[in-house]
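Working through the structure, step by step
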Amino acid sequence: MLIRKSTKNDAAGMIEVEHLVWTPGTTPGDTHYATESEYLLRNPPESKVVAEIDGKIAGILGFHSPIPLKSNEHVWMLDIAVHPDFQRHGVGSALMQELYRIAKAENKKKNILTCAIDKRKSNSIL
Ligand SMILES: CC(C)(COP(=O)(O)OP(=O)(O)OC[C@H]1O[C@@H](n2cnc3c(N)ncnc32)[C@H](O)[C@@H]1OP(=O)(O)O)[C@@H](O)C(=O)NCCC(=O)NCCS
């Protein structure tokens, strides 16, 4: 597994992961990208971290400041999505390890992740 910053060439694979993972069941917002250009406009190269397995995008990690205030400079809001074919194989953990590494280097002390919880599956994350 290769953990690295996203590039322009990853757009198609990243769109595939986002469309498979972010559905009305997992997020309140509508996640749809009509073209790679639209995706790259909203997610420029190097703005996210990806996990690559055998040349395929297996997972995506995003992080950004939730509020552009000096008092919130130490905070990041996270989004993490793993391709259903690769879930439960340690991809999410590997992306989070990289997040901890970058957050420490950039002095981000608080990382916020919002999750949808499925109470029918013993509080499993959707
Ligand atoms: C949640 C998600 C990122 C986990 O990624 P993953 O690659 O499957 O996770 P890993 O294989 O690294 O597992 C890491 C740990 O999380 C647990 N876990 C994985 N998926 C889980 C789920 N759906 N619910 C509860 N726990 C889960 C694993 O059991 C493991 O725990 P352990 O180390 O104690 O065994 C992935 O299932 C996903 O993309 N879900 C949909 C999107 C989402 O909900 N993102 C989070 C909100 S932004």
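The preceding data block contains the structure.
Here's what I pulled together on the structure shown here. Remember, it's a predicted structure, so these values are computed and weren't measured experimentally. (Residues numbered from 1 in each chain as written. Predicted model: local features only at pLDDT ≥ 70, side-chain atom pairs only at ≥ 80, totals over all residues.)

Observations concerning the nonpolar core
Met-14, Ile-60, Leu-61 and Leu-95 are the most contacted members of the largest nonpolar core, which has 20 residues in total. When residues of this core are traced back to their parent elements, those giving at least two are helix 1 (11–21), strand 2 (49–53), strand 3 (56–64), strand 4 (75–82) and helix 3 (91–105). Apart from residues no more than four positions distant in its own chain, Leu-95 is found in contact with Ile-3, Val-49, Ala-51, Gly-59, Leu-61 and Ile-80. (Core = buried A, V, L, I, M, F, W, Y, C linked by C-beta atoms within 7 Å. Buried ≥ 20, exposed ≤ 12 C-beta atoms within 10 Å, placed from the backbone. Helix = DSSP H or I, 4+ residues; strand = E, 2+ residues; numbered from the N terminus. Contact = placed C-beta atoms within 7 Å.)

Remarks on the environment of Leu-61
Positionally, Leu-61 belongs in strand 3. Expressed as a C-alpha distance, the spacing of Leu-61 and Lys-8, which sit 53 residues apart in the sequence, is 16 Å.

Remarks on unusual backbone geometry
At Asp-54, a residue that is not glycine, the phi angle is positive and equals roughly 50°. The phi torsion at Asn-107 lies on the positive side, around 60°, for a residue other than glycine. Along the chain, the position of Asn-107 falls in the loop between helix 3 and strand 5 (110–113). Residue Asn-107 is classed as exposed on the basis of its C-beta count, with 8 C-beta atoms lying within 10 Å.

Some thoughts on the pairing of strand 5
The pairing of strand 4 with strand 5 spans four bridges and is classified as parallel. Considered in strand 5, the bridge of Val-75 is made with Lys-110. Read from strand 4 through helix 3 to strand 5, the crossover connection turns out right-handed. (Pairing = 2+ DSSP bridges. Right-handed = clockwise from strand over helix to strand, strands pointing away.)

Some words on helix 3
End to end, helix 3 covers 22 Å across 15 residues, agreeing with the expected 21 Å (1.5 Å per residue, within 8%). Residues of helix 3 that are buried include every one of Val-91, Leu-95 and Leu-99, and no others. Buried residues of helix 3, seen end-on, are gathered within an arc of 75° and therefore sit on one face of the element. Along helix 3, exposed side chains directed more than 90 degrees from the buried face belong to Ser-93, Gln-97, Tyr-100, Arg-101 and Lys-104. Structurally, helix 3 contributes buried residues whose contacts are with strand 1 (2–5), strand 2, strand 3, strand 4 and strand 5. Asn-107, located one to two residues past helix 3, shows a positive phi value of around 60°. (Expected span 1.5 Å × (residues − 1). Arc of directions from axis to C-beta.)

Examining the sheet that holds strand 1
With mixed pairing, the five strands of this open sheet are ordered in space as 1-2-3-4-5. At either margin of the open sheet sits one strand with a lone partner, and together these are strand 1 and strand 5. Each strand axis lies, on average, 25° off the axis of its neighbour in the sheet, ignoring direction. Helix 3 rests against strand 1, strand 2, strand 3, strand 4 and strand 5 of the sheet, and its axis sits at about 35° to strand 3. (Axes fitted to C-alpha atoms, helices over the stretch in contact; angles between N-to-C directions.)

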